[in-house]
Structure formats: C-alpha cells, structure tokens
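So the chains spell out like this:
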Amino acid sequence: LASAAGTTPPAASRGRAFFPLRLRGGDAAGGGPAGEPRGCLGAGAREAFDTVMKRRFFFCPSFSIHGGVSGLFDYGPTGSAVKNNLVAAWREFFVVEDGMLEVACPAVTPEVVLAASG
C-alpha cells in the first residue's frame, strides 16, 4: 500500500484498496456458494484455507496440545505481523484521524462480574 515514493497514502485511500480484495461471484440475487452471502467461502475452501494457515503457522488454536480452547488463537511471526498491521491501520483511522479516545481493558474477567451481569 505504500506509494513509489516510499510514503504511506492517507487512510481513506488505503481503505479503498481493500475493496477489490473481496470475493466476487454468486448468483444474480447476490448470494455466494450454496446460498451463502456474497463474499463467503464454501465449507471446503474455508477448511483448505485454515489448513494452509495453520501449516504455515499464521495461527493455531491456543492450548492445542491440551485439547484446545474454542475461540483462542496463537499467532506465528507472520500472523502476528498481519494482526499488528491491522490494529495499526484501525488505530490510525479511528484514533488519529477521527480524534476518538482509546481505552485498554483486561482480556480476562472475574467470574463475579459475569455472574452480576447475568
């Protein structure tokens, strides 16, 4: 996304650069394979994609040697770099350009908080 001069384009033009990356296809009603919304991968393509990403260690399920935990992932060097670049782009767009405030909260919540909130 960097220009030939080595500078980074504004966030608005970077956002537009991602639109052509969306998958195209589906029927005339706008659906994808097997009636899924446009842009969705079929089950076989999703499994193949996950297999390649795990084999190249973009990510893997956390605690996989202990059976794994649903929804938690460990990122390899490349996956970590991609995640950090996405967070940096999000931060630049919302925090820097729009002047929003950023907060950081713990990722682990005590059980009493969950019980109190229902």
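Our subject is the structure listed above.
Residues numbered from 1 in each chain as written. Predicted model: local features only at pLDDT ≥ 70, side-chain atom pairs only at ≥ 80, totals over all residues. Heavy atoms only, no water.

Some remarks on the overall build of the protein
Across its full length, the protein carries four helices and two strands. When the elements of the protein are put in sequence order from the N terminus, they spell out α-α-β-β-α-α. When the 118 residues of the protein are sorted by exposure, 11% land in the buried category. Sequence-distant contacts in the protein: of pairs separated by 6 or more residues, those separated by 24 or more amount to 8%. Element-wise, carbon and sulfur atoms account for 63% of the exposed surface of the protein, whose accessible area totals about 9,500 Å². (Helix = DSSP H or I, 4+ residues; strand = E, 2+ residues; numbered from the N terminus. Buried < 20%, exposed > 50% of the residue type's maximum accessible area, 1.4 Å probe, protein only. Contact = heavy atoms within 4.5 Å. Areas by Shrake-Rupley, 256 points an atom, 1.4 Å probe, with all protein chains shown as cover.)

Comments concerning the side chain of Ser62
Structurally, Ser62 can be placed in the loop between strand 1 (59–61) and strand 2 (73–75). Within polar-contact distance, the side chain of Ser62 engages the side chain of Asp74 at 2.9 Å. (Polar contact = N/O pair within 3.5 Å; in protein donor to acceptor, adjacent residues only side chain to side chain.)

Comments concerning helix 2 (residues 43–55)
An α-helical segment advances 3.6 residues per turn. Residues three or four places apart therefore align on the same side. With 13 residues, helix 2 should reach 18 Å at 1.5 Å per residue; the first-to-last C-alpha distance of 18 Å fits that figure. Trailing helix 2 by a residue or two, Phe57 shows a phi angle of about 55 degrees, which is positive. (Expected span 1.5 Å × (residues − 1).)

Regarding unusual backbone geometry
Positive phi outside glycine occurs at Phe57, with the angle close to 55 degrees. Relative to the helices and strands, Phe57 is located in the loop between helix 2 and strand 1. Positive phi, normally seen in glycine, also occurs at Phe63, with a value near 60 degrees. Relative to the helices and strands, Phe63 is located in the loop between strand 1 and strand 2.

A short note on the packing of aromatic side chains
Within this structure, the stated rule accounts for three aromatic pairs. For the pair Phe59 and Phe73, a centre-to-centre distance of 5.5 Å together with 90 degrees between the ring planes defines the contact as edge-to-face. One end of the pair, Phe59, is in strand 1; the other, Phe73, is in strand 2, and 14 residues separate them in sequence. When its relative accessible area of 16% is taken as the criterion, Phe59 is described as buried. For Phe73, a relative accessible area of 40% gives the class partly exposed. Taken together, a centroid distance of 4.8 Å and an interplanar angle of 85 degrees make the contact between Phe93 and Phe94 edge-to-face. Within the aromatic cluster, the residues linked to one another by ring pairs are Trp90, Phe93 and Phe94. (Phe/Tyr/Trp six-rings, centres within 6.5 Å; stacked < 30°, edge-to-face > 60°.)

Observations regarding the pattern of salt bridges
One pass over the full model with this rule turns up two salt bridges. Here Asp50 makes a salt bridge to Arg46, at a shortest N to O gap of 3.4 Å. Of this pair, Asp50 and Arg46 both sit in helix 2, four residues apart, which is roughly one turn of that helix. Using a relative accessible area of 19% as the deciding quantity, one classes Asp50 as buried. (Salt bridge = Lys/Arg side-chain N within 4 Å of Asp/Glu carboxyl O.)

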